[in-house]
Amino acid sequence: MRIEKIFQGCAAVTIASAVLAMGIGVPRLGAQSKTKAEPACCAAKKQSAASKKAAAKFSARAEALLGAMPASKGEWGLLIADAESGETLYEQNADKYFVPASNMKLFTTALALAKLGPDFRFHTTLETPGTISSQGVLAGDLVLVGRGDPNLSNRKFPYELKEEFDGPPEKGLAELADALVAKGVKQISGDVVGDDSYFPRERYPNGWEIDDMVWEYGAAISAIVVNDNTVALTLTPGEQAGSPVQTAVTPATPDFMVENNVTTSAADVKSDLTLTREPGSNLVVVKGTLPAKSAPRKLVLAIEEPAQHAAATLKRLLEERGVHVAGVARARHDHAELGGDPVVLAEHVSVPLGDALKLINKISQNLHTEMLLRTVARQSGPWASTDDLMKIPAEFYATAGIAPDDVIQTDASGLSRHDLVTPRAIVTLLAFAQKQPWFGFYYASLPVAGVDGTLEDRMKNTPAAGRIHAKTGSVEHVRTLSGFAETANGRRLIFSFLSNNQGGKSHEAADALTGLCVAMLEEFNVTAPKRGAEHKHPQ
């Protein structure tokens, strides 16, 4: 199957599918009652004459955009509210269910800020139940204990306009290895253990697809996350047709064995690649051609066993630093009580949650979002089932004023095709968020149209550029956009535009979303009502 095509087949998957997931038995949230609570944000209020006129103009433009093919063959849910008064300015199917894709991240990141706070930090430690002799021999196992830090990597913070890196992908583990060597450890008599038991083992949430598991956007969930639980497979073509194509996996891992059936084609022939990895297999098969003298092609692949991979990487890093390891690298998924308290030999402390969260929403990082939900839940101890895990966000949504049953959630990131939300649930959430002390961090995490994140290349040279601060969402047949709009006259709008069952080319639904944003900014650009202190723009 071709890399360039999207979502074809099951075992063989495509590079293009990674773009779609970014933005990207079902337990019901808050299912105690079927009675809808009146949302605090967008209650039915008598519209002013100006609002009615603006709504009529917007409605005409929306009908023209969404009534044209191919957008008309899909389903659309729209809701626009005034951020100050909560007045509903326009709605269409606002109480219907839609697959939200990565708009689900709006819920999870708000939950994390509310429950953990923007100053929260993750702690990853090297521990041992044994002792260290005066000769530098660690008698026992060395245990890498993960607690959900999503950025044990070489990523640079704070995030400013784009994602940046410094050093090798395993930089975070290398710093822990350096700290251990600095303590005088020269030999380890036991094993190097990757302990991800802090979270109950559940690598893939309900609703993720087989295709997802191969690529970086579908990386396995674990309390240990090294370099986003990914490795890079780089394919380098030869100088002339017929030359072999070289492959390299970095960082090295036992998780992959590559069968390379890619050859170099003539320089004027378009690349044609297929990659296959069967679920549970460590064999990756690549076939096809790359044009002569072309740039190397890097494929970012997901690790299926993160704790094992982390242990193997740490063992290698220690051996490169002259530490002899007598045992093996292995994983531990179940918490085992040890006699006495383990000794902490080294610790990695993460950046503050406020910084980590900005990266998540800007680039739409699925795995990191899953870490947030589980970290929030873990503050109350381990959970027994997925249903128990999902009770944590359900309680928060009720506090935010979201009506019962308006959110059906099976993951944190929105990659699950089983998630369902209403536009009203999203607008209610955003209206609640703007009144919270952590709103500045939340607002700053949203992509800005034509400026950064997943909106960097969208809405440029339109009236929406720089004025739309919103979360994108995209899986196959789904395009969503929800957030805040800042009109030229200083009025803030809260909106949610959700589209499902889109069968057109990938840009067509996105173009319709751009049209809706422009129309919203132009038609509702009226004199801003007086703002309360809680609604002022974040500094």
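Figured I'd write up the structure that's included with this text.

What counts, and at which threshold
- Residues numbered from 1 in each chain as written.
- Predicted model: local features only at pLDDT ≥ 70, side-chain atom pairs only at ≥ 80, totals over all residues.
- Heavy atoms only, no water.
- Core = buried A, V, L, I, M, F, W, Y, C linked by side-chain atoms within 4.5 Å.
- Buried < 20%, exposed > 50% of the residue type's maximum accessible area, 1.4 Å probe, protein only.
- Helix = DSSP H or I, 4+ residues; strand = E, 2+ residues; numbered from the N terminus.
- Phe/Tyr/Trp six-rings, centres within 6.5 Å; stacked < 30°, edge-to-face > 60°.
- Pairing = 2+ DSSP bridges.
- Salt bridge = Lys/Arg side-chain N within 4 Å of Asp/Glu carboxyl O.
- 1 Å grid on protein atoms, 1.4 Å probe; cavity = no way out; pocket = protein on both sides within 12 Å on 5 of 7 lines; lining within 4 Å.
- Points joined across faces, edges and corners; volume = space filled by probe spheres on them.
- Nonpolar A, V, L, I, M, F, W, Y, C, P; charged D, E, K, R; others polar.
- Contact = heavy atoms within 4.5 Å.
- Polar contact = N/O pair within 3.5 Å; in protein donor to acceptor, adjacent residues only side chain to side chain.
- Axes fitted to C-alpha atoms, helices over the stretch in contact; angles between N-to-C directions.
- Parallel < 35°, antiparallel > 145°, perpendicular 65-115°, else oblique.
- Left-handed = near helix turned anticlockwise from the far one by under 90°.

### Considerations on the nonpolar core
So, point 1. Within the largest apolar cluster, 82 residues are counted, with the highest numbers of intra-cluster contacts made by Phe107, Leu275, Leu301 and Tyr442.
So, point 2. A per-element tally of this core places helix 9 (residues 423-433) first, with 8 residues.
So, point 3. Counting residues in hydrophobic clusters, the runner-up holds 31 residues, among them Leu455, Ala464, Ala470 and Ala485.

### Looking at the packing of aromatic side chains
So, point 1. For the coordinates displayed, the defined rule picks out 14 aromatic pairs.
So, point 2. Seen from their ring centres, Phe439 and Tyr443 are 5.6 Å apart, and the 50° between their planes marks the pair as tilted. Residue Phe439 and its partner Tyr443 are both found in helix 10 (residues 439-444); the two are separated by 4 residues, about one turn of the helix. Each member of the pair, Phe439 as well as Tyr443, is classed as buried.
So, point 3. One aromatic cluster is present, built from ring pairs that chain together Phe107, Phe396, Tyr397 and Phe432.

### Quick word on the pairing of strand 4 (residues 123-128)
So, point 1. A large share of strand 4 lies buried, amounting to 5 of its 6 residues.
So, point 2. Sheet topology note: the strand 4/strand 18 (residues 343-349) ladder contains 6 bridges and is antiparallel. Paired with Thr125 across the strands is Glu347, a residue of strand 18.

### Some points on the pattern of salt bridges
So, point 1. The tally for this structure, following the rule as stated, stands at 26 salt bridges.
So, point 2. Of the charged contacts in the structure, one is a salt bridge between Arg491 and Asp82, with a shortest N-O distance of 2.6 Å. Highlighted residues: Arg491 in the loop between strand 22 (478-486) and strand 23 (492-500) and Asp82 in strand 2 (residues 75-82), separated in sequence by 409 residues. One exposure class covers both Arg491 and Asp82, and it is buried.
So, point 3. When the shortest N-O distance is used, the salt bridge between Glu209 and Arg417 registers 3.6 Å. Here the residue Glu209 occupies a position in the loop between strand 9 (192-195) and strand 10 (230-236), and Arg417 occupies one in the loop between strand 19 (407-408) and strand 20 (420-421), the gap between them amounting to 208 residues.
So, point 4. By sharing partners, the salt bridges in this structure join Arg61, Glu522 and Glu523 into a single network.

### Concerning empty space enclosed by the protein
So, point 1. Taken as a whole, the largest cavity holds about 70 Å³ of empty space.
So, point 2. Residue lining of the largest cavity: Asp196, Phe199, Pro200, Arg201, Glu202, Arg203, Ile221, Ser222, Ala223 and Arg374, and that is the complete set.
So, point 3. Grouping the constituent residues of the lining of the largest cavity by class yields 4 nonpolar, 1 polar and 5 charged.

### Some thoughts on the environment of Arg467
So, point 1. Residue position: Arg467 is located in the loop between helix 10 and strand 21 (468-475).
So, point 2. Taking the C-alpha atoms as reference points, Arg467 and Leu521, separated by 54 residues in sequence, lie 8.3 Å from one another.
So, point 3. Contacts of Arg467, omitting those with residues within four sequence positions, involve Phe484, Ala485, Glu486, Thr487, Ala488 and Leu521.
So, point 4. There is a polar contact of 3.3 Å between the side chain of Arg467 and the backbone oxygen of Thr487.

### Digging into the sheet that holds strand 23
So, point 1. Taken together, 5 strands build an open sheet; the order of strands is 3-2-23-22-21 and the sheet is antiparallel. Edge positions in the sheet fall to strand 3 (88-92) and strand 21, since each of these pairs with one other strand and no more. Going across the sheet, the axis of each strand differs from the next one's by a mean of 5°, ignoring polarity.
So, point 2. Relative to strand 3, strand 2 runs antiparallel, the two being bridged by 4 bridges. Within the sheet, the bridge partner assigned to Ala81 lies in strand 3 and is Thr88.

### Structural notes on the sheet that holds strand 6 (residues 137-139)
So, point 1. Pairing is mixed across the open sheet formed by 4 strands, whose spatial order is 5-6-8-16. Strands at the two margins of the open sheet, each flanked by one partner only, are strand 5 (131-132) and strand 16 (324-325).
So, point 2. For strand 8 (residues 187-188) and strand 16, the ladder comprises 2 bridges, and the chain directions are parallel. Bridge assignment links Ile188 to a residue of strand 16, and that residue is Val325.

### Some remarks on the packing of helix 4 (residues 171-182) against helix 5 (residues 306-320)
So, point 1. Relative orientation of the contacting elements helix 4 and helix 5 amounts to 50°, with a least axis distance of 9 Å. Here helix 4 is positioned oblique relative to helix 5, judged by the angle of their axes. In the packing of helix 4 onto helix 5, the handedness of the crossing is right-handed. Listed contacts from helix 5 to Leu173, Ala174, Ala177 and Leu180 of helix 4 are Ala310, Thr313, Leu314, Leu317 and Leu318.
So, point 2. For the contact of helix 4 with helix 5, the residue count by class is 8 nonpolar, 1 polar and no charged.

### Let's talk about the pairing of strand 14 (residues 283-291)
Successive residues of a regular strand alternate their side chains across the two faces of the sheet.
So, point 1. In this sheet, strand 14 lies alongside strand 12 (residues 257-265) in parallel orientation, the contact comprising 9 bridges. Paired with Val262 across the two strands is Gly288, which belongs to strand 14.
So, point 2. Where strand 13 (residues 272-276) meets strand 14, 5 bridges bridge the pair, whose relative direction is antiparallel. Looking at strand 14, one finds that Leu273 is bridged to Gly288.
So, point 3. If you look at the hairpin formed by strand 13 and strand 14, you'll find 6 residues sitting between the two strands, and Gly280 has a positive phi there, around 85°.

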